[in-house]
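# Inside the fold
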Amino acid sequence: MICDIIQLCSGSKHKMSKLPTIVYNVLRDHWYKLKSYSRAGDGGGDTNTLDMGSRSSLHTGLQMSEDEHWEMNYHEAAIYLEEGLNNEKFDSHPSSPEELPAYLRVHNPWYHGLDLLASLVLILLAFTEDPAVPAFELPVWAHGTIELLALSVIGIELHLKLKWIGWGTIFKHKRTMIKGVTLLIMLLEAVVVLCRQSSHFRVTRALRPIFLVDTRHCGGVRRFIRQILQSLPPILDMLGLLMFFVATYSLLGYYLFSEHIDNGHFRTLSDSFVSMFVLLTTANFPDVMMPSYAKSKWYAVFFILYIITVLYVLMNLMLAVVYETFTRIEREKCRALLLHRRGAARRAFRLLVSRRAPHAVKLRHFAGLIRHYAPHYSGLDVYLMFKQLNQSTTGGLSRTEFANVYEVFALRWAPQTSRAPWYADSPLEPLGRAAAVIVHRPYFEYVIYALIIGNGLAMVLRVLEAAGDLQDSARLLCASWDTWLFLTLFLIEAALRIMACGLSAYLESGWNVFDLSVTLLALMGAVLLTIAPKLFIVVMFRPLRLMRLYKLKKRYRDVFGTLVLLSPLMSSAGCVMLVMYYFFAIIGMELFAGYNLRNCCINTTVEDFYKYSENSSTPLGYYYLNNFENILTSGVTLFELTVVNNWFILMNAFASVAGQLSRLYFMVFYLFTMVVLTIVVASVLEAFRFRIQYKRSTTKRDEEKLLHEEVHTSWEEAQRLGATGDLAEQLRTYLPPGIDVTFIGTRPRTKEVLQRRMYQTEIQKWLAEEVENDELQPSTTVTSSEDPLSPPLIQQPDGDNHHIRSGYQL
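Just so we're clear, the structure is a prediction, and the values are computed from it rather than from any experiment.

A separate point is the overall build of the protein chain. When its secondary structure is counted, the protein chain shows 33 helices and three strands. Every one of the 810 residues in the protein chain was classed for burial, and the buried ones make up 46%. Excluding contacts between residues fewer than 6 apart, the proportion of contacts in the protein chain whose partners are at least 24 apart in sequence is 72%. With an accessible surface of roughly 41500 Å², the protein chain has 63% of that area assigned to carbon and sulfur atoms.

As structure tokens, this is what we get:
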């Protein structure tokens, strides 16, 4: 009868509302007992099987023991944390045992590497396909077969992904849909190329970077592209305003200067627009102005007002708008990532709690999670992470405490005793102590800076010294007796620092790594110049040590610190620029590879730049080398267009040989590069502002607390927290009985870590809004509806929340 009542109430929200909560809870407890007795009597498992707070959907319908059920819970919880770490949507989460094998294959590190390799091979095929780089050219059957193999690897990954996502969900994933459509088109084109044994007009090759960007290793590139797309609305608004002024001035210029015979830049409205668009980049200034300026000095006002309006006002205003948008997006990205990871932790938490302790994750279950999420962590790491999270010292992680799980993953633990000098109780202790005394003397740094200045003065004297030829000059600069003297002194300095603090501590400082690297490079350069005097390139190594002087000034320290924070973003921006270059290079080869620019553009303003003769050539006559005959020369040509110096000369040449519509290619490329470079500049400004504000609001002591965590524990406490079995065996080595031990956890100094310090107020507001939104959600069950032995588990609120709201999802 109790079962009938519970099942009746569980199946109807209306009937449930009529049953008092206390009565329902009592009946539910009796229902659990009856089901556990029934299952034990049927041989389906013991009574502890139902101790799980929530069943994993990955073992639905499978007959398993209690330990196997828990293992599946650990596995799915680890998958949730992985999805939170990688910012993946939860709607692509595997939901059945049949979907798990495909998911695991695609998320295997080896398959990630294979996917990356296949994507890189596809991109590198541009070197071998017609028009190919001569040294890498392959027959059609060879590069066509390689292309099919690479596309097959990517297709297998997409097929496996479809097996657990399903068609209904995959339509919501725009990136996956674009990848699938591009893959289908390229497969068809590759088959056509192999059948015809010749290449055709394949502009779709420009889409190959889509596969590279979609790999697991290019997450930063995807984030940067996403920021570009999110910043596009204000950029397009400003571009619309900018183009309005360009068109207006073009119209006015046509009516003012079209009758000037000497000024061919305004003969037609299209010529006028192109001239003013190029003038936006200042590449043709003052050439476009001088013919009209010769007729009347007042015409200069037109061009001066135009430059001031579009270049110094609107372009700078665009940067300001993009910077404001980028800053807002950066803050919103931080918020979205924080809440997404907390959502992943919340889902994992449901799978790790038990019915006996529905509001806390025990050490045993936390260790099971880490065993699947990060198998390389030792038992000591697992225990110290659990101890660091358990600030309430209750022996279990509450939902609020477990939500901070990502913060402890970055910690690297070491006993406090390891902070003792490395030479303690070793035969080298006298030397280490002597080196420490020397290094920590206040005048030691001044002596080193004096040596660096002396090294610089010696180089200046060597440069001014007369030399017979280049070989003697290079030897005097980088392989003379003073070079060996200063290099020896710098090596002694490095040895003293290493002896004083140990090699690992020495290498933790970026400046130490820089000093040692440039010293070794200069030493190698001196040796190479002695052996091979014509190897002039090594002369650049000795002056690099002078960069240490920039550390003396705070402004330079801020600049170098900003560069360190920007290094991940700059690498992503560099990849985006390379992808954009590849895209436009392929299109440029397909459109312009067959055109020869030698002696083109006759009777045009750029004729002199393309004059070519077998016997002689003018200094201007080398522009014919800027072409699209293969992927390498196309990259060089595009870089010259990026610099925008004389870029209109290239555009006019191709307009002369390929038609006026070819100008669109060059104009669109300029707009693309302007957008990307504007985002890069905005990111640099935001990073510099962030660092300055962080330095002003954070002291060295605050930063030390942020980057280091202390955990005090003992063997007896580990046993009270539930350390048993293999975990206890691993901890016994580090936790002697009866002795309290302190461990220091160190996290890297990344921008993500520093943002938690800078956005403390905002984070508290975001978390409060999240709690408020959770409280407004309707009650749901957290157990699988497909499992007949798992009744609806209605969790109570976390222990940290004093407001009792029965029936809400955990």
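Turning our attention to the sheet that holds strand β2 (residues 708-713). An order of β1-β3-β2 is seen for the three strands of this open sheet, with the pairing classed as antiparallel. Two strands bound the open sheet, and with one partner strand each, they are β1 (412-415) and β2. On average, adjacent strands in this sheet sit at an angle of 25° to one another, irrespective of strand direction. Here β1 pairs with strand β3 (residues 741-746) via four bridges, running antiparallel. In the strand pairing of β3, Pro415 is matched with Phe743. Sheet strands in contact with helix α16 (residues 379-389) are β1, β2 and β3, and its direction is about 100° off that of β2. Relative to the sheet, helix α29 (residues 700-707) contacts β2 and β3, its axis offset from that of β2 by approximately 55°.

Among the secondary structure elements, Asn73 is positioned in helix α4 (residues 66-85). Take Asn73: its relative accessible area is 0%, and that puts it in the buried class. From its side chain, Asn73 meets the backbone oxygen of Leu351 in a polar contact 3.0 Å long.

Now for helix α9 (residues 174-196). The first and last C-alpha atoms of α9 sit 33 Å apart over 23 residues, in line with the 33 Å expected at 1.5 Å per residue. Within α9, burial applies to Thr176, Lys179, Thr182, Leu183, Met186, Glu189, Ala190 and Val193.

With that settled, the discussion passes to the packing of aromatic side chains. Each aromatic ring pair is summarised here by two numbers: the centre-to-centre distance and the angle between the ring planes. Applying the stated criterion to the full structure yields 38 aromatic pairs. Here Tyr249 and Tyr306 contribute two aromatic rings whose centre-to-centre distance is 5.0 Å and whose plane-to-plane angle is 65°, an arrangement assigned as edge-to-face. On the criterion of sequence distance, the pair formed by Tyr249 in helix α11 (residues 219-257) and Tyr306 in helix α14 (residues 300-352) is long-range, its members being 57 residues apart. The exposure class of Tyr249 is buried, given its relative accessible area of 15%. Judged by relative accessible area, Tyr306 falls into the buried class, the value being 0%. A centroid spacing of 5.9 Å and a plane angle of 55° characterise the contact between Phe349 and Phe402, whose relative ring orientation is tilted.

Quick look at the packing of helix α19 (residues 429-439) against helix α22 (residues 481-501) now. Direction vectors running N to C along α19 and α22 enclose 115°, while the axes themselves pass 7 Å from each other. Between α19 and α22 lies a crossing whose hand is left-handed. For the pair α19 and α22, the contacting residues are Leu431, Gly432, Ala435, Ala436, Ile438 and Val439 in the first and Leu496, Arg497, Met499 and Ala500 in the second. For the contact of α19 with α22, the per-class residue count stands at eight nonpolar, one polar and one charged.

Attention shifts here to unusual backbone geometry. The omega angle of the peptide bond from Asp130 to Pro131 is 0°, so this bond is cis rather than trans. On the secondary structure map, Pro131 appears in the loop between α6 (109-124) and α7 (140-165). Backbone torsion omega between Phe285 and Pro286 reads 10°, so that peptide bond is classified as cis. At Asn599, a residue that is not glycine, the phi angle is positive and equals roughly 55°.

Before going further, it helps to spend a moment on the environment of Met570. As for its position among the elements, Met570 is in helix α25 (residues 554-592). Overall, Met570 belongs to the partly exposed group, its relative accessible area being 30%. Separated by 114 residues in the primary sequence, Met570 and Val684 place their C-alpha atoms 8.9 Å from one another. Beyond its immediate chain neighbours, meaning those up to four positions away, Met570 contacts Val680, Ser683 and Val684.

Rules and cut-offs
Residues numbered from 1 in each chain as written. Predicted model: local features only at pLDDT ≥ 70, side-chain atom pairs only at ≥ 80, totals over all residues. Heavy atoms only, no water. Helix = DSSP H or I, 4+ residues; strand = E, 2+ residues; numbered from the N terminus. Buried < 20%, exposed > 50% of the residue type's maximum accessible area, 1.4 Å probe, protein only. Contact = heavy atoms within 4.5 Å. Areas by Shrake-Rupley, 256 points an atom, 1.4 Å probe, with all protein chains shown as cover. Pairing = 2+ DSSP bridges. Axes fitted to C-alpha atoms, helices over the stretch in contact; angles between N-to-C directions. Polar contact = N/O pair within 3.5 Å; in protein donor to acceptor, adjacent residues only side chain to side chain. Expected span 1.5 Å × (residues − 1). Phe/Tyr/Trp six-rings, centres within 6.5 Å; stacked < 30°, edge-to-face > 60°. Left-handed = near helix turned anticlockwise from the far one by under 90°. Nonpolar A, V, L, I, M, F, W, Y, C, P; charged D, E, K, R; others polar.

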